[in-house]
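Observations on the model geometry
Residue-level listing of the chains:
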Amino acid sequence: MAYYLVKVAVTTVLIVAISEIAKRSTLVGAILASIPLVSVLAMLWLYLDTKDVSKVSALSFSVFWLVLPSLALFVSLPLLLRQGLNFYTSMGLSIGITVGCYFLMLAILGYYGVKL
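Notes on the structure in this doc start here. (Residues numbered from 1 in each chain as written. Predicted model: local features only at pLDDT ≥ 70, side-chain atom pairs only at ≥ 80, totals over all residues. Heavy atoms only, no water.)

So, helix α3 (residues 37–50)
Here α3 contains 14 residues, and its C-alpha end-to-end distance of 20 Å stays within 8% of the 20 Å for a straight helix at 1.5 Å per residue. On its buried side, α3 packs onto α1 (2–24) and α4 (53–82). Immediately downstream of α3, the backbone of K51 shows phi near 55°, a positive value. (Helix = DSSP H or I, 4+ residues; strand = E, 2+ residues; numbered from the N terminus. Expected span 1.5 Å × (residues − 1). Contact = heavy atoms within 4.5 Å.)

Structure representation (structure tokens):
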């Protein structure tokens, strides 16, 4: 249980730290947020929990393909905000667009025989 709490604490502290840094400098916050910290932590926790490099490799391969549709959020959110939509509406629509892009990517990968 202590190990689980350490995992939650480390992950949470990193996310809060990035949001606090972004209050002072959006550039530094963006640089830190763009580093795949969540993916790296997930791979680290997975390896420490299982010692299975094939699972880590499979996770890394899946993350690679699913980063592409996740970029839709970072394109659609600023566009919607610039159109004058409020933050929560823009965020909700951007998340919906991103989910749609995930399904589209999974369909495309399935068509070409790529299994995640």
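Notes on the packing of α4 against helix α5 (residues 87–111)
Viewed as axis vectors pointing N to C, α4 and α5 meet at an angle of 155°, and their least axial separation amounts to 8 Å. The angle between α4 and α5 falls in the class roughly antiparallel. As α4 runs across α5, the sense of the crossing is right-handed. Of the residues belonging to the contact of α4 with α5, the class tally is 19 nonpolar, five polar and no charged. (Axes fitted to C-alpha atoms, helices over the stretch in contact; angles between N-to-C directions. Parallel < 35°, antiparallel > 145°, perpendicular 65-115°, else oblique. Left-handed = near helix turned anticlockwise from the far one by under 90°. Nonpolar A, V, L, I, M, F, W, Y, C, P; charged D, E, K, R; others polar.)

What about the side chain of T98?
Summarising the element assignment, T98 is placed in helix α5. A relative accessible area of 7% places T98 in the buried class. (Buried < 20%, exposed > 50% of the residue type's maximum accessible area, 1.4 Å probe, protein only.)

As for a nonpolar patch on the surface
Residues F61, I95, V99, F103, L106 and L116 make up a contiguous nonpolar surface patch of about 560 Å² in total accessible area. At four residues, the largest contribution of residues to the nonpolar patch is made by α5. Along the chain, F61 turns up in helix α4. Of the residues examined, F61 reaches a relative accessible area of 39% and is grouped as partly exposed. (Patch = residues over 30% accessible without salt bridge, like charges linked within 9 Å, V, L, I, M, F, W, Y side chains within 5 Å. Areas by Shrake-Rupley, 256 points an atom, 1.4 Å probe, with all protein chains shown as cover. Salt bridge = Lys/Arg side-chain N within 4 Å of Asp/Glu carboxyl O.)

Description of the packing of aromatic side chains
With the rule as written, the count across this model stands at five aromatic pairs. For the pair F64 and W65, a centre-to-centre distance of 5.0 Å together with 80° between the ring planes defines the contact as edge-to-face. Geometrically, the ring pair formed by F87 and Y88 is edge-to-face, given 5.3 Å between the ring centres and 80° between the ring planes. Residue Y88 is classed as exposed on the basis of its relative accessible area, which comes to 71%. Taken together, F61, F64 and W65 form an aromatic cluster joined through their ring pairs. (Phe/Tyr/Trp six-rings, centres within 6.5 Å; stacked < 30°, edge-to-face > 60°.)

Re the layout of surface pockets
There is about 860 Å³ of room inside the largest pocket. Considering the residues around the largest pocket, the lining is formed by 29 residues, among which A33, I35, P36, V38 and F74 are closest to the centre. Of all the secondary structure elements, the ones that give two or more residues to the lining of the largest pocket are α1, α2 (26–34), α3, α4 and α5. For the lining of the largest pocket, the element with the highest residue contribution is α4, accounting for eight residues. Of the residues in the lining of the largest pocket, the class split is 23 nonpolar, six polar and no charged. (1 Å grid on protein atoms, 1.4 Å probe; cavity = no way out; pocket = protein on both sides within 12 Å on 5 of 7 lines; lining within 4 Å. Points joined across faces, edges and corners; volume = space filled by probe spheres on them.)

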